[in-house]
Structure formats: C-alpha cells, structure tokens
Amino acid sequence: MTPYHPISPIGRLERMLLLLFMLLQMPFAASAITKQDADKAYQSGNYQQAIIDYQSLLKTGISADIYYNLGNAYYRSDSLSQAILAYERALRLSPGDKDISFNLQFARSKTIDKLLPQDDVVFTTWYHSVVNLTSADTWAWVSIVTIVLALILMLVYLFAPQIVLRKIGFFGGMFFLLIFALSNLFAWTQKRILLEQEGAIIIAPSVNVKKTPVQNSADAFILHEGTRVDVTDNSMKQWKGVRLSDGREGWIPADQLEMI
C-alpha cells in the first residue's frame, strides 16, 4: 500500500494563494471588452449591450469615437437625452468632426424645446467657427510646425545672399509667426472650453425651472429632456443656476441635469 503523505502547511498555503489569485483575475478577464466587441453588438442591433460595452471602454480612457458610438447606441435605444449628452462630449473632444456635429444637430431637432440663440457679434461667431475647425491638440501641432518654419525663414532672411530670398524670408517668417500666435490662441481657447465644463443636458423628462433655489419657489418656465443649458452657479449641492441660449435664467435641481 502506498503510504499517505499529507499536504504540508506551506504547500497548502501556496495552493490557497494560487486559487485566490485566479479568482481575483476572473472578473478582469471577463471584463476585457474591446471596441470590436462593442461595435459588433451595435451592428447586430443589441444596442443595450453596446451601451454597456462602450461605457466600459470609456472607464479605461475617454475618446471622441467611443462617445460618438455611444451616442448612436443611445439614440437607437430611444434615449434622446443620453444620446445628446454623448454627442456633446464627443464634440468637445473633437470639435471639427462633421459626423459628430451632424448627429448632434439631428438629435437636437428631436427635442421638444426649440430655443433661439441670442444674436452674437459677427466677429464672435466667426472666431468660434474658426476655433472649432479642429481640436486643441491639432492647433498645438500647427503652432509647432509654424514656429519651426518661421525660424527657418528668419535664417534665410539673415544669411541669404540674394535680396529676393531675404524678402521671402522676412515676410514668410512674419506670416508664420502670426499663424503661430493664432494657433496658440485657438489651442488655449479649445483647452479652456474643454476644462470649464459649463454645459449640461436636461436628463429628466421635464423639469420646472425655478426663479430661486427653493422647492416652493415660483416656476419661471419648463424644460424637457435633451435641452442644453449653461451652468452659471455651481455653488449649491442641491441646485444649479442655469442660463439658456435665448438668455433666460433660473434654477434647476442638480439631479435633473448632467454636466457635459
């Protein structure tokens, strides 16, 4: 008969630690969702699963593309406010993306509240349209390229023997210095917009906007889901001071909106 050899305490401890390690690794292995998995769920019409997968991917790192696809999944699931919120977040990360802008405008057209923006100065409208041509990172790359070109042309101006080349170097250098300054300004503006987070989306089906931050205050007007507001007062926990694009202002319970 083969003699019985009990497991030693050290061996038993090693096995217990190995089993515990394997159990701890199982949730991580199960949650290893890829974008291809989320896209496949969306393309097969399983929009709820796609939403779960895209949200899981966003926990590992934000991306305009993921937010855009998440917005599409929400829209297909008839979650208009969440779709608009996802599109808004995608557009903040990639303001020059025409597909995101188109889908956002299309989703906004489905909301109940049709707000007319206040008239802006022509220069302000033009400035913001130029700033939003691309993202802050792209403007930063433009500034790097243009300062290098400006330095090269300045060297041409200083050391070129022909007067024509020196003129080209001087005026070309001044031009690229101007582009360098503007691209830095545009990048700073984009970064400020990205960090300020003033915008919010109404997520409740409807909400009574109050004149003061008190529950029994008089109603100023009513807003519905998907409407975008700008948060003007964030000092209170239960209430948010908001302003609409048409200039109206009021107070909304904090749980009735979500920051972009």
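Above this note sits the structure.
The text that follows walks through the structure, step by step, so that each part is easy to find.

The rules we used
- Residues numbered from 1 in each chain as written.
- Predicted model: local features only at pLDDT ≥ 70, side-chain atom pairs only at ≥ 80, totals over all residues.
- Heavy atoms only, no water.
- Helix = DSSP H or I, 4+ residues; strand = E, 2+ residues; numbered from the N terminus.
- Polar contact = N/O pair within 3.5 Å; in protein donor to acceptor, adjacent residues only side chain to side chain.
- Contact = heavy atoms within 4.5 Å.
- Expected span 1.5 Å × (residues − 1).
- Buried < 20%, exposed > 50% of the residue type's maximum accessible area, 1.4 Å probe, protein only.
- Phe/Tyr/Trp six-rings, centres within 6.5 Å; stacked < 30°, edge-to-face > 60°.
- Lys NZ or Arg CZ within 6 Å of the ring centre and 35° of its normal.

As for the side chain of Thr111
1) Next: Note on placement: Thr111 falls in the loop between α6 (98-108) and α7 (122-131).
2) Next: Polar side-chain contacts of Thr111 include one of 2.6 Å to the backbone oxygen of Arg108.
3) Next: Among all residues touching Thr111, those that are not within four sequence positions of it are Leu80, Ile84, Glu225 and Gly226.

Considerations on helix α8 (residues 136-159)
1) Next: Across its 24 residues, α8 extends 35 Å between first and last C-alpha, which sits within 8% of the 34 Å expected from 1.5 Å per residue.
2) Next: Listed as buried for α8 are Ala136, Trp139, Ser143, Thr146, Ala150, Leu153 and Met154.

Some details on the packing of aromatic side chains
1) Next: A complete count under the given rule lists 7 aromatic pairs for this structure.
2) Next: Ring plane angle 50° and centroid distance 5.3 Å describe the contact between Tyr157 and Phe170, whose orientation is recorded as tilted. Of the two residues, Tyr157 sits in helix α8 while Phe170 sits in helix α9 (residues 163-196), which places them 13 residues apart along the sequence.
3) Next: Judged by its relative accessible area of 31%, Phe170 is partly exposed.
4) Next: Measuring from centroid to centroid gives 5.2 Å for Phe170 and Phe171, while their planes differ by 85°, and the two rings are edge-to-face.
5) Next: Phe171 sits in the exposed class, given a relative accessible area of 56%.
6) Next: Counting every residue linked through ring pairs, the aromatic cluster contains Tyr157, Phe170 and Phe171.
7) Next: In this structure, Arg166 is placed above the aromatic ring of Tyr157, and the distance from its NZ or CZ to the ring centre is 5.6 Å.

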